[in-house]
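The residues making up each chain are set out below.
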Amino acid sequence: MKRLLLTGFEPFLDFSVNPTMKVVEELDGAVIGEYQVISKVLPVDFAKAGGQIIGLIEEIGPDAVVSLGLAAGRFKVTPERIAINFKDGAVDNEGNQPVDEPIKQNGPAGYLSTLPIRNMISRLVEEGLPADISNSAGAYLCNNVMYEALHYMEIHKKDVPSGFIHIPASHELAIEHGNVPSWPHRDLVKGVRLCLEVLAAETAVIETGKIAMNQ
Ligand code: PCA
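None of the values given here were measured: they were computed from a predicted structure.

> Where do I start with the overall build of the protein in this structure?
Counting secondary structure elements, the protein contains six helices and ten strands. Against the 2.2 N^0.38 benchmark of 17 Å for 215 residues, the protein shows a C-alpha radius of gyration of 17 Å, consistent with a compact globule. Relative to its full complement of 215 residues, the protein shows a buried share of 50%. Considering only contacts within the protein whose residues lie at least 6 apart along the sequence, 78% involve residues at least 24 apart. Of the roughly 9900 Å² of accessible surface on the protein, 52% is carried by carbon and sulfur atoms. Charge-centre separation for the protein: the mean point of 18 positive side chains lies 5 Å from the mean point of 28 negative side chains.

> What exactly am I supposed to notice about the sheet that holds strand β3 (residues 35-42) here?
The strands that make up a sheet pair up through hydrogen bonds in the backbone, lying either parallel or antiparallel. Taken in spatial order, the six strands of this open sheet run β2-β3-β1-β4-β8-β5, and their pairing is mixed. With one partner strand each, in any of the chains shown, β2 (31-32) and β5 (78-79) form the two edges of the open sheet. In terms of strand pairing, strand β1 (residues 2-9) meets strand β4 (residues 64-70) through four bridges, oriented parallel. Residue pairing for β4: Thr7 is matched across the bridge by Ser67.

> I'm lost on the packing of aromatic side chains in this one. Help?
Aromatic ring pairs are reported here in terms of the distance separating the ring centres and the angle at which the planes meet. Overall, the coordinates contain four aromatic pairs when judged by the stated rule. Three or more aromatic residues link up through ring pairs in this structure, and these residues are Phe12, Phe15, Phe46 and Tyr140.

> Explain unusual backbone geometry to me, please; I cannot follow it from the model alone.
With a phi angle near 50 degrees, Asp100 is a residue other than glycine that sits in the positive phi range. Tracing the sequence through the fold places Asp100 in the loop between β6 (82-84) and β7 (110-112). Of the residues examined, Asp100 reaches a relative accessible area of 53% and is grouped as exposed.

> I keep staring at the site of the ligand and nothing clicks. Help me out?
The full set of residues close to the ligand is Phe9, Phe12, Asn18, Val44, Gly69, Leu70, Tyr140, Leu141, Cys142 and His166. Here an oxygen atom of the ligand and a backbone polar atom of Leu70 are 2.8 Å apart. When isolated, the ligand has an accessible area of 260 Å², and the protein chains bury 94% of it. Secondary structure elements with two or more residues in the shell around the ligand: β4 and α4 (141-155). In terms of residue class, the shell around the ligand is built from seven nonpolar, three polar and no charged.

> I'm lost on the packing of helix α2 (residues 49-60) against α4 in this one. Help?
A pair of packed helices is captured by two measures, namely the crossing angle of their axes and the spacing between those axes. α4 packs onto α2 with a crossing angle of 40 degrees between their chain directions and a minimal axis gap of 9 Å. The orientation of α2 with respect to α4, classified from their angle, is oblique. Considering only the axes of α2 and α4, their crossing is right-handed. Listed contacts from α4 to Ala49, Gly50, Ile53, Ile54, Ile57 and Glu58 of α2 are Leu141, Asn144, Val145, Glu148, Ala149, Tyr152 and Met153. Among the residues making up the contact of α2 with α4, the classes are represented as nine nonpolar, two polar and two charged.

> Would you mind showing me how to read α2 here?
Every α-helix carries 3.6 residues per turn, so stepping three or four residues along brings you back to the same face. In this model α2 runs 16 Å from its N-terminal to its C-terminal C-alpha over twelve residues, within 8% of the 16 Å that 1.5 Å per residue would give. Every buried residue belonging to α2 is among Ala49, Gly50, Ile53, Ile54, Leu56, Ile57 and Ile60, and all of these are buried. Buried residues along α2 cover an arc of 155 degrees about the axis, so they all sit on one side. Exposed residues pointing more than 90 degrees away from the buried face of α2 are listed as Gly51, Glu58 and Glu59. One or two steps after α2, the chain reaches Gly61, where phi turns positive at roughly 60 degrees.

Cut-offs and rules
Residues numbered from 1 in each chain as written. Predicted model: local features only at pLDDT ≥ 70, side-chain atom pairs only at ≥ 80, totals over all residues. Heavy atoms only, no water. Helix = DSSP H or I, 4+ residues; strand = E, 2+ residues; numbered from the N terminus. Rg over C-alpha atoms; globule rule 2.2 N^0.38 Å. Buried < 20%, exposed > 50% of the residue type's maximum accessible area, 1.4 Å probe, protein only. Contact = heavy atoms within 4.5 Å. Areas by Shrake-Rupley, 256 points an atom, 1.4 Å probe, with all protein chains shown as cover. Lys, Arg positive; Asp, Glu negative; His and termini not counted. Charge placed at Lys NZ, Arg CZ, Asp CG, Glu CD. Pairing = 2+ DSSP bridges. Phe/Tyr/Trp six-rings, centres within 6.5 Å; stacked < 30°, edge-to-face > 60°. Near = heavy atom within 4 Å. Polar contact = N/O pair within 3.5 Å; in protein donor to acceptor, adjacent residues only side chain to side chain. Nonpolar A, V, L, I, M, F, W, Y, C, P; charged D, E, K, R; others polar. Axes fitted to C-alpha atoms, helices over the stretch in contact; angles between N-to-C directions. Parallel < 35°, antiparallel > 145°, perpendicular 65-115°, else oblique. Left-handed = near helix turned anticlockwise from the far one by under 90°. Expected span 1.5 Å × (residues − 1). Arc of directions from axis to C-beta.

Encoded structure:
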């Protein structure tokens, strides 16, 4: 069975819960198409998150990597189009606050997601869940982890689909936090699962195509 590494993040800033943690915990072990989901939670720490996702990729050897992050204030599930070579933004959980720093010295300015993001959002909308492509993952930890994973795949010449999906706040977080648009937890899980189903269906089609070409 193929392995899909699914990551979420711990709580950060004044968000007392991170809905991505609960979503990845619920999907841990799920079988979606040919993939078995292996879920992990990453720290909101500029000094550690990049190293941790690379460590997980090396340890697990996943056939796909999907990372999730909370985008409090967004109304929709938003697969990200691009990660940029910058660290910037709010203070992290360890007190680091880089300003305009590159993630990788001399790294490319950006990496495009290698997930089927257009088909993911089409499928979510078909199923009645608001979704859109996002053209900016920011420059905080979510962008950082997306860039690190795509950079790793690039320099190691690995044909492993990788990318990032931001999700809105859950009702649980909205009640604790105050004014943020929110979704029920079960719809967040459904939205992420649908994205993974689209990924599984696409990679199966690509592989069938490769087998057909080799015959
Ligand atoms: N969201 C933050 C970091 C952790 C998370 O869940 C972000 O969008 O960068």
